[in-house]
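Okay, here's what each chain looks like letter by letter:
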Amino acid sequence: MYDRTVRRRRAVLLGLVALSLILLTAYFGESAGGGLHSVQRGALSVLAPVQEGANRALKPVRDLFGWAGDTVDAKQERDDLVKRNRALEALVNSQQVELSQYDQIKKIVDVNAQANLDRFAPVTARVISQTPSLFYSEIKIDKGSSAGVALGQPVTGGGGLVGRVSRVAGNAAAVTLITDEEFAVAARTLKTKVPGTIRPEVGAPGDLILDFVSQRSDVDRGERIVTAGTTSPRLPSLFPPGIPIGKVRRVEDGAGDLDREVHVRPAADMSNLQFVAVLTETQTGDLTAAATP
Amino acid sequence: MTITPALIGRLVALGAIGVIFQTAAISQVTIFGAPVDLFPLVVGAVGLLSGSIIGACFGFGAGLFVDVAMLQAVGVTSLIYVLVGYGAGRLRELRDPAHGLTPMAVGAVATLVATAGFAILTFMIGVDAPVSLLLVRQILVTVVVNTLLAVPVYAAVRRILSPFLPDDPRRRRRRAYTTGGLSPLSRS
């Protein structure tokens, strides 16, 4: 009796294992249109509506189980997203810095091309410090005499004239900005060629004055102001002609009866300079004739 | 244990409903990244309650149904579940375990055999998938989750099959203790 039971049990086991292996072999041996595949397709068409109905009916159950799992998973997911967010923020910051630097360098290149300043051997320098005052009258750059920088050389950047070199060391230099009260440069309007002198408006950072403009001069709001270059052989200018300085903001009557006071907004943003170009081979001779604008 | 048409009907219903429930609802629940698979627990519980022959037959039928319904290679799951059901049934026949945590141990082993066996057979039949730590982690998570779920699943299966089962081992042990001893095989 016992032997019969054992034999039956073993026979059932071996039979089922063998049947499974036969099914497996047959499944892989037949083509996609074979019998077992057809059975699967038939079962799919029969079971699909049942499973769909069960799927909808059991959604609350699934949601209940899912809620517990999701709560645990959400914490890990949140931590991962926080890390990812930090990495992306760092990347965005880095790219914004690079974009800002690119913009500044592009403005320098554009001004150099526009005013034909490449012939003055511009040396691009990074601004390493800025006077922390309201007027931002001086900046320090990372290029000095070893790069050809010398006293008095004009400095451009940010889309226009920035200032001039006022002190030089071996590998650094200081630049006095055009907003400094001691700064002045011969200038003219670009279109009507009205001459004058650019000086800063004391107490009004970001505002320049085109001085010594006669009442009869034709100066309109929005007109561009550029450096005039050398206007008299006796007093040669260090600044080549045609460097953009700014745009006319408004025109007022001057201190004298015959003068007008032209307020100019600087083309360069003095508070946000990262790169500037020092024109290291300026000539003070007959540059007026070479004015390009 | 007598195999009756009513028992077969209940087992077929248990298998069919279980597969639909598993595929429609349970398999879409993930815990720690691993989908929940209760069917090894059901097969193990049937084997533990009904013996090796019924366990193996139920495992074969349920595995075949899973393979057909899930469009998997026919024969893989049935082969694994045959072994799971047979093993659980043999444990009952040889040891007649009465401890309350036996379903947990059976559930853990059944899940381990099912998941690891399925992975091994899948690799053997040529499914090109990398063996990674992720797979090991998923198997371990499934084993842990199923171990925790084994007792309620066992209780549900026992409730479904209870009219056709011999006495529960624990109840039989209690009665043997109070009556001075009855053979565990006296009713089977």
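What you are looking at is a predicted structure, and each value in this text was computed from that prediction instead of being measured. (Residues numbered from 1 in each chain as written. Chains lettered and ligands numbered in written order. Predicted model: local features only at pLDDT ≥ 70, side-chain atom pairs only at ≥ 80, totals over all residues. Heavy atoms only, no water.)

Draft legend 1. Summary view of the overall build of chain A. What chain A contains, in helices and strands, is 3 helices and 12 strands. Looking at chain A residue by residue over its 293 residues, the buried ones come to 38%. If you take every contact in chain A between residues at least 6 apart in sequence, the share linking residues at least 24 apart comes to 59%. Looking at chain A as shown, the accessible area adds up to about 16600 Å², and 56% of this sits on carbon and sulfur atoms. (Helix = DSSP H or I, 4+ residues; strand = E, 2+ residues; numbered from the N terminus. Buried < 20%, exposed > 50% of the residue type's maximum accessible area, 1.4 Å probe, protein only. Contact = heavy atoms within 4.5 Å. Areas by Shrake-Rupley, 256 points an atom, 1.4 Å probe, with all protein chains shown as cover.)

Draft legend 2. A look at the pattern of salt bridges. This structure, assessed with the given rule, holds 9 salt bridges over all chains. The shortest N-O distance in the salt bridge between A:Arg199 and A:Asp211 comes to 2.5 Å. Taken together, the residues A:Arg199 in strand β7 (residues 195-200) and A:Asp211 in strand β8 (residues 208-214) connect sequence positions 12 residues apart. Of the residues examined, A:Asp211 reaches a relative accessible area of 17% and is grouped as buried. Note that B:Arg90 and B:Glu93 form a salt bridge whose closest N and O atoms lie 2.9 Å from each other. You can see B:Arg90 and its partner B:Glu93 sitting in helix α4 (residues 76-95), 3 residues apart, about one turn around the helix. The exposure class of B:Arg90 is buried, given its relative accessible area of 17%. (Salt bridge = Lys/Arg side-chain N within 4 Å of Asp/Glu carboxyl O.)

Draft legend 3. Seen up close, a nonpolar patch on the surface. Residue and element names in this part refer to chain B. Residues Ile 3, Ile 8 and Val 12 make up a contiguous nonpolar surface patch of roughly 280 Å² in combined accessible area. As for its placement among the helices and strands, Val 12 is situated in helix α1 (residues 5-24). On the accessibility criterion, Val 12 (54% relative accessible area) is exposed. (Patch = residues over 30% accessible without salt bridge, like charges linked within 9 Å, V, L, I, M, F, W, Y side chains within 5 Å.)

Draft legend 4. Looking closely at the interface of chain A and chain B. Taken together, the contact between chain A and chain B spans 31 residues of the former and 34 residues of the latter. Taken together, both faces of the contact between chain A and chain B bury some 2800 Å²; the carbon and sulfur share is 78%. Taken together, the connections running from chain A to chain B amount to 0 salt bridges. Taken together, the connections running from chain A to chain B amount to 6 residue pairs in polar contact (both at pLDDT 80 or more). Of all the secondary-structure elements, those providing two or more residues to the side of chain A that touches chain B are α1 (2-29), α2 (35-57) and α3 (59-114) of chain A. (Buried area = accessible area lost by both parts, 1.4 Å probe. Polar contact = N/O pair within 3.5 Å; in protein donor to acceptor, adjacent residues only side chain to side chain.)

Draft legend 5. Examining the sheet that holds strand β10 (residues 244-253) of chain A more closely. Residue and element names in this part refer to chain A. The 6 strands lie next to each other as β6-β7-β8-β11-β10-β9, forming a closed barrel whose pairing is antiparallel. Each adjacent strand pair in this sheet contributes to an overall mean axis angle of 40°, direction not counted. Bridge count between strand β6 (residues 185-189) and strand β9 (residues 224-227): 3 bridges; the pairing is antiparallel. Along β9, the bridge assignment pairs Thr 189 with Ile 225. (Pairing = 2+ DSSP bridges. Axes fitted to C-alpha atoms, helices over the stretch in contact; angles between N-to-C directions.)

Draft legend 6. How the structure looks around unusual backbone geometry. Residues and elements named next belong to chain A. The backbone of Asn 116 sits at a positive phi, close to 55°, despite the residue not being glycine. In this structure, Asn 116 sits in the loop between α3 and β1 (122-130). With phi around 55°, Lys 193 is a residue other than glycine that occupies positive phi space. On the secondary structure map, Lys 193 appears in the loop between β6 and β7.

Draft legend 7. Seen up close, the packing of α1(B) against helix α2 (residues 39-50) of chain B. Residue and element names in this part refer to chain B. It is at 10 Å that the axes of α1 and α2 come closest, and there the two elements cross at 165°. As far as their axial angle goes, α2 and α1 are roughly antiparallel. Note that α1 runs across α2; the crossing there is right-handed. Here Leu 11, Leu 14, Gly 15, Gly 18, Val 19 and Gln 22 of α1 lie close against α2, whose contacting residues are Phe 39, Val 42 and Val 46. Of the residues that constitute the contact of α1 with α2, the class distribution is 6 nonpolar, 3 polar and no charged. (Parallel < 35°, antiparallel > 145°, perpendicular 65-115°, else oblique. Left-handed = near helix turned anticlockwise from the far one by under 90°. Nonpolar A, V, L, I, M, F, W, Y, C, P; charged D, E, K, R; others polar.)

Draft legend 8. Just α4(B), in detail. All names here are of chain B. Taking 1.5 Å of rise per residue, the 20 residues of α4 would be expected to cover 28 Å, and the 29 Å separating its terminal C-alpha atoms lies within 8% of that figure. With respect to burial, α4 is a largely interior element, 14 of its 20 residues being buried. Asp 96 lies just past α4 and shows a positive phi near 50°. (Expected span 1.5 Å × (residues − 1).)

Draft legend 9. How the structure looks around the packing of α2(B) against α4(B). Residue and element names in this part refer to chain B. The interhelical angle for the contact between α2 and α4, taken along N-to-C directions, is 35°, at an axis separation of 7 Å. For the element pair α2 and α4, the recorded crossing hand is right-handed. Across the interface between the two elements, Phe 39, Pro 40, Val 43, Gly 44, Gly 47, Leu 48, Leu 49 and Ser 50 of α2 pack against Tyr 81, Val 84, Gly 85, Ala 88, Gly 89, Leu 91 and Arg 92 of α4. Considering only residue class, the contact of α2 with α4 consists of 9 nonpolar, 5 polar and 1 charged.

Such coordinate-based values are descriptive only and should not be taken to indicate function.
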